[in-house]
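Summary of the model geometry
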Amino acid sequence: MRKTLYLLNILLLLCLVAKPQINQKNKFITFFVLDKTYITFSNNYMRGNDGHKYNPYFPSSPDETSHYMVTGEEVLISAVEIDTLAKVKSMSGNFHLDTVPAHRQFYPLRSLQVRITKNGAPAGKWLDIIKMPTFKDTAIVSETSYWLLKDSLKVNDSLFIEFRRNDGVALMKLHIRRKAIEKRPFLMGSAHDTSTSRDESAFMQAQLLKTYPSFKQGAAFYTDWPARIDKLDHAYMPNSRVAFYFREPPDVTDFTFQYRLLGGRYKDTSWKNTRGYVLVPSLQAGAKYRLDVRYKDAPALWSTHLFHVPPYWYQTLWFKTGIGACVIIVGLFLFLLWAYLKNKRQEEKRKLKIQSLYAQLNPHFVFNALGSIQGLMNDQQLNKANQYLSGFAQLLRNSMLSTTKETIPLQTELKNLDNYIQLEILRFNFQYELYVDPELQTAIIEVPPLLAQPLIENAVKHGVSAKGAAGQIKFQILKDKQDILFSISDNGSGFDPSKAVDRHGIKLTKDRIELYNKHRRITLDIQSNTTGTTVLLRYKNWLEHD
Amino acid sequence: MINAIIIDDEQHNVINLQRLLEQHCKEVTVVATATNADDGIAMIRQHQPNLVFLDIQMPGKTGFDLLLALPKIDFEIVFVTAFDQYGIPAVKFSAMDYLMKPVNVEELKGAVQKAISRKSNSMEHLVAILKQGTQRHEHRIALPSAKETRFVYVKDIVRCESSNSYTSFFMQDGEKIVVSVSIYEYAEMLGEYGFLRCHQSHIINKLFVRSIVKEGGFYLQMKGGEKIPVSRDKKDWVKKEMGA
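Please read these numbers as outputs of a predicted model, since none were measured by experiment. (Residues numbered from 1 in each chain as written. Chains lettered and ligands numbered in written order. Predicted model: local features only at pLDDT ≥ 70, side-chain atom pairs only at ≥ 80, totals over all residues. Heavy atoms only, no water.)

**Focus: the environment of alanine 443 of chain A**
Tracing the sequence through the fold places alanine 443 of chain A in the loop between β23 (431-436) and β24 (446-447). Each C-alpha atom, one on alanine 443 of chain A and one on leucine 410 of chain A, is 6.3 Å from the other, the two residues being 33 residues apart in sequence. (Helix = DSSP H or I, 4+ residues; strand = E, 2+ residues; numbered from the N terminus.)

Now the structure itself:
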């Protein structure tokens, strides 16, 4: 049957950061609560050997010993029956409680015996506690406390304290050893000043100089406390100031501290001399500080204290993230707006450019065509002259109208190109063949106006113009699945398409295709050899509308 | 014998047209010519012609002003224009002929034939449109078919559908009118009246669209239930025009 022991650990350490609480006896008390019977241990500092996890003891296995270390010199052990206390005023310290109900009425004080052994000396006699001398314990406001032991311990002295019932049943066993404390500066407390209106010297007057003596007095309470690395990270208000007070070192004659403060605007890592306090005059919001303190003659042993100032609301992460998100969103919005406007501008530009390119019938052709018509008139071929003149007019009109239209019906385009070819035939008298795939609905399908005109012009100029009646141009409009294909073939002597970049017609057509390709795919393919040239203008997926 | 008057602000054009008519349209006799609208009105009153060749854009009064100044039009008209964006839509709306300068002889012959054999009341409608001006809801459009020319209120047209060079008009009362004019021409004419060419083969009246449907392809559902496809590259434009 395993008994459970509850450990209640109430630490006085809270007073480290508040005002020092001065115990009259300058003692730190550990209570072993055995039902109604309290065994009290007084020492300046007492701790379980395994740190804060105290060794519990088990009444059912009394062979086990609980080990403690103390750092204070004075040891006082007493026993008191809680029922005898008029009122419990102040019982602060570490409480070790045995709350197992089965052990109630197990430890009446009148049946308890104690035996104390110092430094492993032969065990003394078992003594009845109620036969021990009594005293008035002001620490716990006890009228009759039984005096078990009062002793001075040197470093490494040990005590072995055994309890048993007077019928011989063994109870708890405690082993205590005094340890030396390190020469690390011990932080007793701090004074925090939030009054920003008060200047520094006023703070020194009101707080520092007045409270420092009481801190020095308080130092007596902490005389033998070991200094620790302070793991707590205390928070202070922005723009306030704080002073840290340190215990007068125990065995050091040269009472000189050294400190270094890092964080906020403090970047200097060198050690500075000071008296027993460190003043941080102005705390910055959002800063994290670290204060290292040591004694001048023991530079290897320093204690570290962390503290910080919470950031202002606008310095917090979520606020920064929010601002960042807002900036990103606004930036993104502006970027999209900019991109939209730019795109719109480019679209406008593109339209203007297309329009400017539309109207460009080659002036050379225009005036030569007029010349040909003039020739017909002077040759008295008036009907022919009329016919070509109206054809020319129609071509010119559509060329001009095209500045306002991106596309025109294929049948209008074919009429344009036919008009054009007829005029060129008038000049060069070549053979011409036109084929339109009957499947193409020429009244509905729309194409960019006069896109193929410069290509036909090339076929005439570079292909057949020199051959006269032997020249041949074949113009085919074909349907290839969803594509429309303009095929222009001539039987001229050909050219190298890769070197034909400077040709006005090809360049113009390529420029226009570039502009159109923002919307749909148009490709231009030129095949040329010594027996002729074929130019393929393909409108990809042009018939795919649904 | 057809008595004709030529009204054109360019004397050379008057002479040219006169020559062409003498040579190619022997049934036409030019009884008078004028180089401005006011003289033209006087000549028309004096000669009571059967046919008038009328330039639209002239300094001072236009050809249309001339028509509106006459109390009654009991002659046929062939419009002659150089490069005139202003008057053509009204003329087209009435399905009347017009010639472009320089005049093509074949077209001239055709226009004369059509004018003298015309049985429709195109002229009245043209005058009506000219008088109504921007009161578009009153406008009627001429739909010429083989046997007759129908004049329908533009606001009664639900939609048009094309099949190559034919265009079918679907009217509000359920009637279907087929004309042999390509849909391209009507797309231009009706664009001003709240019609959208949402597809190569379809024009719709915005007022008769019930909804834009995005499920199972993008199309417009008309109030009568028909589903009209929207071209892929016109989706955005249609959405914008429909205010969606």
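**Here we look at the sheet that holds strand β25 (residues 472-480) of chain A**
Whenever strands of a sheet pair, they do so through backbone hydrogen bonds, lying parallel or antiparallel. Residues and elements named next belong to chain A. Spatially, the five strands line up as an open sheet ordered β23-β25-β26-β28-β27, and their pairing is mixed. Among the strands making up the open sheet, the edge pair consists of β23 and β27 (522-529). Shown here is a sheet whose adjacent strand axes are inclined to one another by a mean of 10°, direction ignored. Pairing geometry for β23 and β25, over six bridges, is parallel. The partner of tyrosine 435 across the bridge, within β25, is glutamine 476. This element, helix α6 (residues 453-464), spans β25, β26 (483-490), β27 and β28 (532-539) of the sheet and lies at about 20° to β26. (Pairing = 2+ DSSP bridges. Axes fitted to C-alpha atoms, helices over the stretch in contact; angles between N-to-C directions. Contact = heavy atoms within 4.5 Å.)

**Describing the sheet that holds strand β15 (residues 227-229) of chain B**
Residues and elements named next belong to chain B. An order of β13-β14-β15 is seen for the three strands of this open sheet, with the pairing classed as antiparallel. Each edge of the open sheet is held by one strand with a lone partner, namely β13 (209-213) and β15. For this sheet the average axis-to-axis angle between neighbouring strands, irrespective of direction, equals 25°. Relative to strand β14 (residues 219-222), β13 runs antiparallel, the two being bridged by four bridges. Its bridge partner lying in β14, isoleucine 212 is registered against leucine 220.

**Let's talk about the interface of chain B and chain A**
Of the residues lining the interface, 28 residues belong to chain B; the matching set on chain A comes to 23 residues. Of the roughly 2100 Å² buried where chain B meets chain A, counting both sides, 48% is carbon and sulfur surface. Three residues stand out in chain B for area buried against chain A, namely Asn164, Tyr184 and Gln200 of chain B, and they jointly supply 30% of the buried area on that side. For the pair chain B and chain A, the interface holds one salt bridge. At the boundary of chain B with chain A, the tally comes to four residue pairs in polar contact (both at pLDDT 80 or more). Elements that contribute at least two residues to the side of chain B that touches chain A include exactly α1 (11-24), β8 (157-163), α7 (183-190) and β11 (195-199) of chain B. Residue composition of the side of chain B that touches chain A, by class: ten nonpolar, 13 polar and five charged. (Buried area = accessible area lost by both parts, 1.4 Å probe. Salt bridge = Lys/Arg side-chain N within 4 Å of Asp/Glu carboxyl O. Polar contact = N/O pair within 3.5 Å; in protein donor to acceptor, adjacent residues only side chain to side chain. Nonpolar A, V, L, I, M, F, W, Y, C, P; charged D, E, K, R; others polar.)

**Things to note about the nonpolar core**
Phe365, Phe475, Ile484, Phe486, Leu537 and Tyr539 of chain A are the most contacted members of the largest nonpolar core, which totals 47 residues. Aside from chain neighbours lying at most four places away, what touches phenylalanine 475 of chain A is Leu414, Leu417, Ile421, Tyr432, Glu433, Leu434, Tyr435, Ile456, Phe486, Ser487 and Ile488 of chain A. (Core = buried A, V, L, I, M, F, W, Y, C linked by side-chain atoms within 4.5 Å. Buried < 20%, exposed > 50% of the residue type's maximum accessible area, 1.4 Å probe, protein only.)

**Focus on the pairing of β14 of chain B**
Residue and element names in this part refer to chain B. Covered by surrounding structure in β14 are Tyr219 and Gln221 together with Leu220 and Met222, the residues of both alternating faces. What sits between β13 and β14 in their antiparallel hairpin is a turn of five residues, with glycine 216 showing a positive phi close to 65°. Across three bridges, the pairing between β14 and β15 is antiparallel. The residue of β15 that forms the bridge with glutamine 221 is lysine 227. Between β14 and β15, which follow one another and run antiparallel, lie four residues, and glycine 225 among them has a positive phi close to 105°.

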